[in-house]
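Residue-level structural notes
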Amino acid sequence: MAHQQLTNEPHIAAFPAMLKGKCARCRKGNMFKPGSNKMYEKCAHCGLTFERQPGYFYTAMYVTYAFNVAEIITLGVATYVLSNGSENPWLYLGIILVGVLLLGPLNYRYSRIIQMYWLDPTLKYQPELSKDIEQEPL
Ligand SMILES: [Zn+2]
């Protein structure tokens, strides 16, 4: 407590910041425009350029792939269990296609967030950047 008061650095937990799509460096600024999956070019709070180099989010494609595999397996097993072991392939195909299409926007968003938070070793949380910009030092 005393240490926090001395440094005056708010620590923002990673998981809620990830859920809300906050910048990976300051955990304050938004990565995505409100109500959409369009990304801001830079963090409004700390100025981080989200697409750090051309093709930066290429890696997120692999995360999306992993999400899709997990979703297909989950939906397939759930369909099998809930339909008492149906052998109709169209049932599985329909449910999996609809499910994967509905989850697509979430996959897109969270694959990019996971890449920035976990898969980029050059990008770390910097609590000193979380401070409010307006805040004057005492
Ligand atoms: Zn930021």
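Residues numbered from 1 in each chain as written. Predicted model: local features only at pLDDT ≥ 70, side-chain atom pairs only at ≥ 80, totals over all residues.

**What about the overall build of the protein chain?**
Keep this limit in mind: By the criteria applied, helices consist of DSSP H or I runs no shorter than four residues and strands consist of E runs no shorter than two, each listed in order from the N terminus. The burial label depends on the number of other C-beta atoms within 10 Å of a residue's C-beta. Counts of 20 or more mean buried, 12 or fewer mean exposed, and intermediate counts mean partly exposed, with C-beta atoms placed from the backbone. Placing a C-beta atom from the backbone of each residue, one calls two residues in contact when those atoms lie within 7 Å.
Tallying secondary structure elements over the protein chain gives 4 helices and 0 strands in all. Reading the helices (α) and strands (β) of the protein chain from amino to carboxyl end gives α-α-α-α. Per-residue burial over the protein chain gives 14% buried out of 138 residues. For the protein chain, long-range pairs separated by at least 24 residues make up 54% of all intrachain contacts whose partners lie at least 6 apart in sequence.

**Examining the environment of threonine 74**
With respect to the helices, strands and loops of the structure, threonine 74 is situated in helix 3 (residues 58-82). When the C-alpha atoms of threonine 74 and isoleucine 96 are compared, they prove to be 9.2 Å apart, with 22 residues separating the residues in sequence.

**Remarks on the nonpolar core**
As a reminder of what qualifies: We call a set of buried Ala, Val, Leu, Ile, Met, Phe, Trp, Tyr and Cys residues a nonpolar core when their C-beta atoms link them within 7 Å.
Within the largest apolar cluster, 9 residues are counted, these being Cys23, Ala24, Cys26, Met31, Cys43, Leu48, Ile113, Met116 and Tyr117. Filtering out sequence-adjacent residues up to four positions away, leucine 48 remains in contact with Cys23, Arg25, Lys42 and Cys43.

**Examining helix 4 (residues 89-119)**
The condition that has to hold: What a helix should span is 1.5 Å times the count of its residues minus one. Across the chain, bend at a residue is computed as the angle between axes fitted to the seven residues ending at that point and the seven starting from it.
Across its 31 residues, helix 4 extends only 37 Å between first and last C-alpha, which sits more than 12% below the 45 Å expected from 1.5 Å per residue. Along helix 4, the sharpest change in direction is near 45° and occurs at glycine 104; proline proline 105 comes one to four residues later. Where helix 4 is concerned, the buried positions are Ser111, Arg112, Ile113, Gln115, Met116 and Tyr117. Next to the buried residues of helix 4 lie helix 2 (14-19) and helix 3.

**Some points on the packing of helix 3 against helix 4**
Cut-off, in case you're wondering: Every axis in this analysis is a line fitted to C-alpha atoms, fitted for helices over the stretch in contact. Angles between the N-to-C directions lie between 0 and 180 degrees. Two helices cross in a left-handed way if the nearer one is turned anticlockwise from the farther one by less than a right angle. They cross in a right-handed way if the turn is clockwise. Residue polarity is assigned by list, with Asp, Glu, Lys and Arg as charged and Ala, Val, Leu, Ile, Met, Phe, Trp, Tyr, Cys and Pro as nonpolar; anything else, Gly included, falls into the polar class.
The geometry of helix 3 relative to helix 4 is characterised by a closest axis approach of 7 Å and an angle of 145° between their N-to-C directions. Helix 4 is crossed by helix 3, and the crossing has right-handed handedness. In terms of residue class, the contact of helix 3 with helix 4 is built from 14 nonpolar, 9 polar and 2 charged.

**Concerning the UniProt feature "transmembrane region" (unreviewed entry) in the protein chain**
Where we set the bar: UniProt positions are given in the numbering used here, feature names are shortened, and annotations may be inferred rather than shown by experiment.
Annotation from UniProt places "transmembrane region" (unreviewed entry) at residues 62-83 and 89-108. For residues 62-83, the end-to-end C-alpha separation is 31 Å, with 95% helix and 0% strand making up the annotated structure. For the annotated span residues 89-108, helix accounts for 100% and strand for 0% of the residues, and the straight-line distance between the end C-alpha atoms is 27 Å.

**A look at unusual backbone geometry**
Positive phi values are uncommon outside glycine, yet arginine 27 reaches one of about 60°. As for its placement among the helices and strands, arginine 27 is situated in the loop between helix 2 and helix 3. For asparagine 84, which is not a glycine, the phi torsion comes out positive at approximately 55°. Positionally, asparagine 84 belongs in the loop between helix 3 and helix 4. Looking at asparagine 84, the number of C-beta atoms within 10 Å reads 6, which means it is exposed.

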